[in-house]
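# Structural description and commentary
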Amino acid sequence: MHLRYSFRIYPTVGQRASLARTFGCARVVYNDALALRKAAWKTDRSRIPTGALAKAVVTDAKRTEARSWLGSVSVDALQSSLRDLDTAYRNYFDSKSGKRAGRPVGLPVFKSKRDARQSLRFSRNGFRIRGNGKLNLAKIGDVRVKWSRSLPADPSSVTVVLDAAGRYHASFVVDVEPEHLPEVDAEVGIDLGLTTYAVMSDGSVIDNPRFLRKAEKRLKAAQRELSRKAKGSKNRAKARRKVAKAHAKVADTRMDWLHKQTTRIIRETQAVYLEDLNVRGLARGRLAKSVHDAGWATFRRLLEEKAARYGRHVGIVPRAFPSSQLCSACEHRDGPKPLRVREWACGACGVLHDRDLNAARNILAAGQADRLNACGGPVRPGVAIPRRARPVETGTHRNAGGTGRKPRAAGAAGIPVL
């Protein structure tokens, strides 16, 4: 499986200029290739092969006066830009045909030099990690890296990212084998919410940190200062970076917290069951800011990815399952209740329930029935059958950080390998 490890890098003034030039060249090659493909398709519905496209926008373009400056940057970064265009087209056609799950993917669009985020990718031929820990990039030089952890294997590629806050990051992709943890007997159902972030079927509660709400005062002041600057001025650019840094701090704090919570849950439980929340729909309502601040989708994604790596199970109960209407003691369906009702007594058995804890227990029961019972068996009499959990698609997202073991001797890349 592939994992992505991101580290902060600190290029010098000269290296920043070289990176800016490489960002621009990669963007121009991408846009030129996209324009050629659009023109060919509009003319006769033809598709230009990747090799012919690379020859036209890179090799031949370097010999022209208008694109002679392409020779001043690494050709590996330019070729990676073309591979990104191929990936964008492949994702679009897979989305149209149904091969790609998730939200629909549109056609590739032209990149702008005014985008707040810039990135470029180097393959194995375009970078190396020195013995002193510095990252050598082709035609850029040795860049200082802030290593916060060790790489578990030699990376296959690195992506250099300049974010809106003006920070540079190096994102490495490594190929590792799954590390299954020892099996445990604990299984848990989780009910996500806003008053409390998560209530588990065993009675434990995770409080909602509300990172965005706590930083609103500082964010409003920075945004107000930005709105008073003249458009196109240098002071406006400084104010924009100040706003971006404030938002980046909130996002980084939230992601760090989510990684810690999901890692703890995966290590302590063998199976985790969640409800399939309609996050996109909830994010369009009056609670949109709080829903975005909670990051439920990221919480679920991190659980699924870490479960795939550590040999755990994550089950998803469908959103039609009435987790808040069922009595977890006698299985009586008591009907829908408004959000203001936090406790209720079952009309059949009289048991007093906490709304969130009762929902978590029902989610656990539904998930276990789907996983352990015979295929197609009902959860309870008269209750809808939950669907199977979606297969986990392990991407190259940032990992929670290490396995807790001490690093051994330095690997071939010069970085300690777990």
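In what follows, the structure referred to is the one given above.
This text gives an overview of the structure that appears in the document. (Residues numbered from 1 in each chain as written. Predicted model: local features only at pLDDT ≥ 70, side-chain atom pairs only at ≥ 80, totals over all residues. Heavy atoms only, no water.)

Here we come to the overall build of the protein chain. Within the protein chain, the regular secondary structure consists of 10 helices and 14 strands. Among the 418 residues that make up the protein chain, the fraction classed as buried is 44%. Considering only intrachain contacts with a sequence separation of at least 6, the fraction spanning at least 24 residues in the protein chain is 67%. Entry remark: accessible area of the protein chain is about 22700 Å², with carbon and sulfur atoms responsible for 51%. (Helix = DSSP H or I, 4+ residues; strand = E, 2+ residues; numbered from the N terminus. Buried < 20%, exposed > 50% of the residue type's maximum accessible area, 1.4 Å probe, protein only. Contact = heavy atoms within 4.5 Å. Areas by Shrake-Rupley, 256 points an atom, 1.4 Å probe, with all protein chains shown as cover.)

Take the pattern of salt bridges next. According to the stated counting rule, one finds 20 salt bridges in the structure shown. We note a salt bridge from Asp163 to Arg167, for which the minimum N-O separation is 2.8 Å. Using a relative accessible area of 15% as the deciding quantity, one classes Asp163 as buried. When the shortest N-O distance is used, the salt bridge between Glu216 and Arg213 registers 3.7 Å. (Salt bridge = Lys/Arg side-chain N within 4 Å of Asp/Glu carboxyl O.)

Taken together, the five strands give an open sheet; going across it, the order is S10-S9-S8-S11-S12, and neighbouring strands pair in mixed fashion. Single-partner strands in this sheet number two, and they are strand S10 (205–207) and strand S12 (313–317). Taking each pair of neighbouring strands and ignoring which way they run, the sheet shows an average axis angle of 20°. In terms of strand pairing, strand S11 (residues 271–275) meets S12 through five bridges, oriented parallel. (Pairing = 2+ DSSP bridges. Axes fitted to C-alpha atoms, helices over the stretch in contact; angles between N-to-C directions.)

Next up on the list: unusual backbone geometry. One non-glycine residue, Lys139, lies in positive phi territory at about 60°. Examined against the element boundaries, Lys139 turns out to sit in the loop between strand S4 (135–137) and strand S5 (141–146). Even without glycine at this site, Arg210 takes up a positive phi of about 50°. If you trace the backbone, Arg210 turns up in the loop between S10 and helix H4 (211–214).

Reading across from one edge, S2-S6-S7-S1-S5-S4-S3 is the order of the seven strands in this open sheet, with antiparallel pairing throughout. Each edge of the open sheet carries a strand with a single partner, namely strand S2 (118–122) and strand S3 (127–129). Each strand axis lies, on average, 30° off the axis of its neighbour in the sheet, ignoring direction.

Moving on, we come to the side chain of Ser123. Note on placement: Ser123 falls in the loop between S2 and S3. Exposure remark for Ser123: the relative accessible area of 18% places this residue in the buried category. Residue contacts for Ser123: discarding those within four places in its chain leaves Asp76, Ser80, Arg83, Ser156 and Ser157.

Counting 31 residues, the largest nonpolar core has Ile190, Tyr197, Ile265, Phe299 and Leu303 as the members making the most contacts within it. When residues of this core are traced back to their parent elements, those giving at least two are strand S8 (187–192), strand S9 (196–200), H4, helix H6 (234–268), S11, helix H8 (288–294), helix H9 (296–310) and S12. Setting aside residues no more than four positions away along its own chain, Leu303 makes contact with Thr262, Ile265, Ile266, Val272, Leu274 and Val314. Grouped together as the second largest cluster of nonpolar side chains are 26 residues, Leu3, Ile9, Leu19 and Phe23 included. (Core = buried A, V, L, I, M, F, W, Y, C linked by side-chain atoms within 4.5 Å.)

Attention shifts here to the pairing of strand S6 (residues 157–162). Burial within S6 is extensive, with six of its six residues counted as buried. The alternating pattern of S6 places Ser157, Thr159 and Val161 on one face and Val158, Val160 and Leu162 on the opposite face, and all of these are buried. Here S2 runs beside S6; their pairing, made up of five bridges, is antiparallel. Bridging across to S6, Ser119 finds its partner in Val161. Alignment of S6 against strand S7 (residues 168–175), held across six bridges, turns out to be antiparallel. Directly across from Val160, in S7, lies its bridge partner Ala170. In sequence, S6 turns back onto S7 through a hairpin of five residues, with Gly166 there showing a positive phi of about 80°.

Another point: the environment of Val176. Mapped onto the elements, Val176 comes out in the loop between S7 and S8. Val176 sits in the buried class, given a relative accessible area of 7%. In sequence terms Val176 and Ala153 are 23 residues apart; their C-alpha atoms lie 6.9 Å from each other. Setting aside chain neighbours within four positions, we find Val176 in contact with Met1, Leu3, Pro152 and Ala153.

Helix length check: helix H1 (residues 13–44), at 32 residues, gives a terminal C-alpha distance of 47 Å against a target of 46 Å (1.5 Å per residue), a fit within 8%. One or two steps after H1, the chain reaches Arg45, where phi turns positive at roughly 60°. (Expected span 1.5 Å × (residues − 1).)

Once that is clear, we can look at the pairing of S11. In terms of burial, S11 is a largely internal element, five of the five residues being buried. Where burial is concerned, the two faces of S11 agree: the one with Ala271, Tyr273 and Glu275 and the one with Val272 and Leu274 are both buried. Bridging between S8 and S11 involves three bridges; their strand directions are parallel. Looking at the pairing, Val188 lines up with Val272 of S11.

What the rule picks out here adds up to nine aromatic pairs. Ring geometry for Tyr89 versus Phe93: centroids 6.3 Å apart, planes at 20°, classification stacked. Here the residue Tyr89 and the residue Phe93 both occupy positions in helix H3 (residues 75–97), the gap between them amounting to four residues, near one helical turn. Exposure remark for Phe93: the relative accessible area of 35% places this residue in the partly exposed category. Pairing Tyr92 with Phe93 gives two aromatic rings, centres 5.2 Å apart and planes at 65°, and the pair type is edge-to-face. (Phe/Tyr/Trp six-rings, centres within 6.5 Å; stacked < 30°, edge-to-face > 60°.)

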